[in-house]
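Residue strings, one per chain:
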Amino acid sequence: MMHYGHANALRQAKAMGDVLVVGVHSDADIEKNKGPTVMKEKERYAAVASCKWVDLVVPNAPYNTTVEILREYNIDFCVHGDDITTMADGTDCYQAVKEAGLYKECKRTLGVSTTDMISRMLSMPHNNHTHRELSSSVKFNTPQLTAISHVLPTSMRIVQFSDGKEPKATDRVVYADGTFDLFHVGHMEFLKQAKSLGDFLIVGIHDDQTVNDVKGPHHSLMSLNERVLSVLSCRYVDEVIIGAPYSVTEDVLNTGFSVKIVAHGSTTTKVDVDGSDPYKIPKEHGLYVEIDSPNSSLTTQSIINRIIENRLLFEERQKRKNAKAILEIQKKTHKYERTVIVV
């Protein structure tokens, strides 16, 4: 699944050149080499295409990156994180391009991974995100996992993800808000439509306490900082309000930005903690526009349901992935030890 760690790798890769071409593997290749996918391949193609640092997406890219695939797309070099990635048989996916001198590395974003996100979702029966359709008699063997972010919120990272631009005096400013947990294609398509209503899109992101107050304790799987970085990586977003109020206020509409449209999806809106309509003020001003949710079947809850309903498969995936990660670390350590000996 696409997360802000991937986006950060793409940001670093784009900074190394002029045009960024991103190869995305098929479901079949990922199943063979890593395990079941959370997001389907078409969803992943669309998610990568929505990242603001990406110029071209290559669907069904081979899991083993070859010199031939680089030549086919007129690519000068390949970029990957500084963690080793191996095929199902243990061979390095990038060995060929490394030997050809066509390989560069970027820093992996610590504290986030698909494995980590799946672990958070697998912990759902222990909190209020429980899949409500499951019988209460169903028992699971997964140890309790915490959905705690280990990413430190820094101004530097936010600056790296931000465009740092302001709306022009003539721009039609659009405001949209939400939790944007497990930032996915449904969110991206909504933001694309919201941006099309004007020239400059501001996205309000509710803080963790607000989400918990309105939707229930421990509701968001990702922290506010993680959700902010995810939204900032989207090509349709110009600015974010960090910790936006759940109800759209006069301050949101008039402080700093002159908002002309407040966009919201066609999904059901939860009332604020005092029972009021969170869009009461923009509706009174004639600013409220409802957008038909383009991908209404894809929601944060539906993604969690995919994990819960296929729990055993994903538990096995986690075991395989963790064992593979240990081997990859051992290989990397052995490589460094050999280098020291040679020197």
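This one's a predicted model, so the numbers in the text were calculated from it and none came from an experiment.

Enquirer: Quick question: what am I supposed to make of the overall build of the chain here?
Expert: Helix and strand content of the chain: 14 helices and 9 strands. Per-residue burial for the chain yields a buried fraction of 47% across its 343 residues. Looking at the chain as shown, the accessible area adds up to about 17,700 Å², and 52% of this sits on carbon and sulfur atoms.

Enquirer: What is the right way to look at the sheet that holds strand 6 (residues 200-205) in this model?
Expert: Judged by pairing direction, the sheet is parallel, and its 5 strands sit side by side in the order 7-6-5-8-9 without closing on themselves. Among the strands making up the open sheet, the edge pair consists of strand 7 (239-242) and strand 9 (288-291). Across the sheet, the axes of successive neighbouring strands diverge by a mean angle of 30°, strand direction being ignored. Sheet topology note: the strand 5 (residues 173-178)/strand 6 ladder contains 6 bridges and is parallel. Note on strand 6: the bridge partner recorded for Asp 177 is Gly 204. Strands in contact with helix 8 (residues 185-196) are strand 5, strand 6, strand 8 (259-265) and strand 9; relative to strand 6, the strand with the most contacts, it is inclined by about 135°.

Enquirer: Explain helix 8 to me, please; I cannot follow it from the model alone.
Expert: Between its terminal C-alpha atoms helix 8 stretches 16 Å, which fits the 16 Å expected from 12 residues at 1.5 Å a residue. The complete set of buried residues in helix 8 reads Val 185, Gly 186, His 187, Met 188, Phe 190, Leu 191, Ala 194 and Lys 195. Next to the buried residues of helix 8 lie helix 3 (41-49), strand 5, strand 6, strand 8, strand 9 and helix 13 (300-309).

Enquirer: It is not clear to me how the packing of aromatic side chains should be interpreted in this structure. Could you clarify?
Expert: Under the criterion given, the structure shown has 5 aromatic pairs. Ring centres 5.2 Å apart and planes at 80° place the aromatic pair Trp 53 and Phe 161 in the edge-to-face group. Of this pair, Trp 53 sits in the loop between helix 3 and strand 2 (56-59) while Phe 161 sits in helix 7 (residues 155-161), placing them 108 residues apart in sequence. Accessibility expressed as a relative area gives 13% for Trp 53, which makes it buried. Here the basic side chain of Lys 98 rests over the ring of Tyr 103, its NZ or CZ set 4.9 Å away from the ring centre. The aromatic ring of Phe 77 is capped on one face by Lys 104, whose charged end is 4.1 Å from the ring centroid.

Enquirer: I tried to follow unusual backbone geometry on my own but got confused; where do I start?
Expert: Backbone phi values are negative for most residues with the exception of glycine, while trans is the configuration of most peptide bonds. Phi angles above zero are rare outside glycine, and Asn 60 is one such case at about 55°. As for its position among the elements, Asn 60 is in the loop between strand 2 and helix 4 (67-72). A positive phi angle, close to 50°, is found at Leu 182, a residue other than glycine. Note on Leu 182: relative accessible area 2%, which makes it buried.

Enquirer: Could you clarify how one ought to interpret the environment of Leu 182 in this entry?
Expert: By the element assignment, Leu 182 lies in the loop between strand 5 and helix 8. Residues Leu 182 and Ile 304 lie 122 residues apart in sequence; the distance between their C-alpha atoms is 9.2 Å. Aside from chain neighbours lying at most four places away, what touches Leu 182 is Met 1, Met 117, Met 121, His 187, Leu 221, Met 222, Thr 300, Ile 303 and Ile 304.

Enquirer: What exactly am I supposed to notice about the nonpolar core here?
Expert: The nonpolar side chains of a soluble globular protein tend to be buried with one another. Of all hydrophobic cores here, the largest spans 57 residues; its most connected members are Val 38, Met 121, Leu 182, Leu 191 and Val 203. Filtering out sequence-adjacent residues up to four positions away, Met 121 remains in contact with Met 1, Val 38, Leu 182, Leu 221, Ile 303, Ile 304, Ile 307 and Ile 308. By size, the runner-up hydrophobic cluster in this structure holds 13 residues, among which are Phe 200, Val 248, Val 252 and Leu 253.

Enquirer: Sorry if this is basic, but what is going on with the packing of helix 6 (residues 114-122) against helix 13 here?
Expert: For any two helices packed against each other, the geometry comes down to the angle between their axes and how far apart the axes lie. Between helix 6 and helix 13, whose axes approach to 9 Å, the crossing angle comes to 80°. In terms of orientation, helix 6 lies roughly perpendicular with respect to helix 13. Residue-level contacts link Ile 118, Met 121 and Leu 122 of helix 6 to Ile 303, Ile 304, Ile 307 and Ile 308 of helix 13. Tallied by class, residues from the contact of helix 6 with helix 13 come to 7 nonpolar, no polar and no charged.

Enquirer: Teacher, can you tell me more about the side chain of Asp 92 here?
Expert: Tracing the backbone shows Asp 92 in the loop between strand 3 (78-81) and helix 5 (95-99). For Asp 92, a relative accessible area of 16% puts it in the buried group. Polar side-chain contacts of Asp 92 include one of 2.9 Å to the backbone nitrogen of Tyr 94. Here the side chain of Asp 92 touches Lys 98 through a polar contact of 2.6 Å, side chain to side chain. Look past the residues within four positions of Asp 92 in its chain and what remains in contact with it is Asn 64, Thr 85, Thr 86 and Lys 98.

Enquirer: I tried to follow the environment of Phe 190 on my own but got confused; where do I start?
Expert: As for its placement among the helices and strands, Phe 190 is situated in helix 8. Taking the C-alpha atoms as reference points, Phe 190 and Ala 176, separated by 14 residues in sequence, lie 9.3 Å from one another. Filtering out sequence-adjacent residues up to four positions away, Phe 190 remains in contact with Ala 176, Ala 263, His 264, Gly 265, Ile 291 and Pro 294.

About the cut-offs
Residues numbered from 1 in each chain as written. Predicted model: local features only at pLDDT ≥ 70, side-chain atom pairs only at ≥ 80, totals over all residues. Heavy atoms only, no water. Helix = DSSP H or I, 4+ residues; strand = E, 2+ residues; numbered from the N terminus. Buried < 20%, exposed > 50% of the residue type's maximum accessible area, 1.4 Å probe, protein only. Areas by Shrake-Rupley, 256 points an atom, 1.4 Å probe, with all protein chains shown as cover. Pairing = 2+ DSSP bridges. Axes fitted to C-alpha atoms, helices over the stretch in contact; angles between N-to-C directions. Contact = heavy atoms within 4.5 Å. Expected span 1.5 Å × (residues − 1). Phe/Tyr/Trp six-rings, centres within 6.5 Å; stacked < 30°, edge-to-face > 60°. Lys NZ or Arg CZ within 6 Å of the ring centre and 35° of its normal. Core = buried A, V, L, I, M, F, W, Y, C linked by side-chain atoms within 4.5 Å. Parallel < 35°, antiparallel > 145°, perpendicular 65-115°, else oblique. Nonpolar A, V, L, I, M, F, W, Y, C, P; charged D, E, K, R; others polar. Polar contact = N/O pair within 3.5 Å; in protein donor to acceptor, adjacent residues only side chain to side chain.

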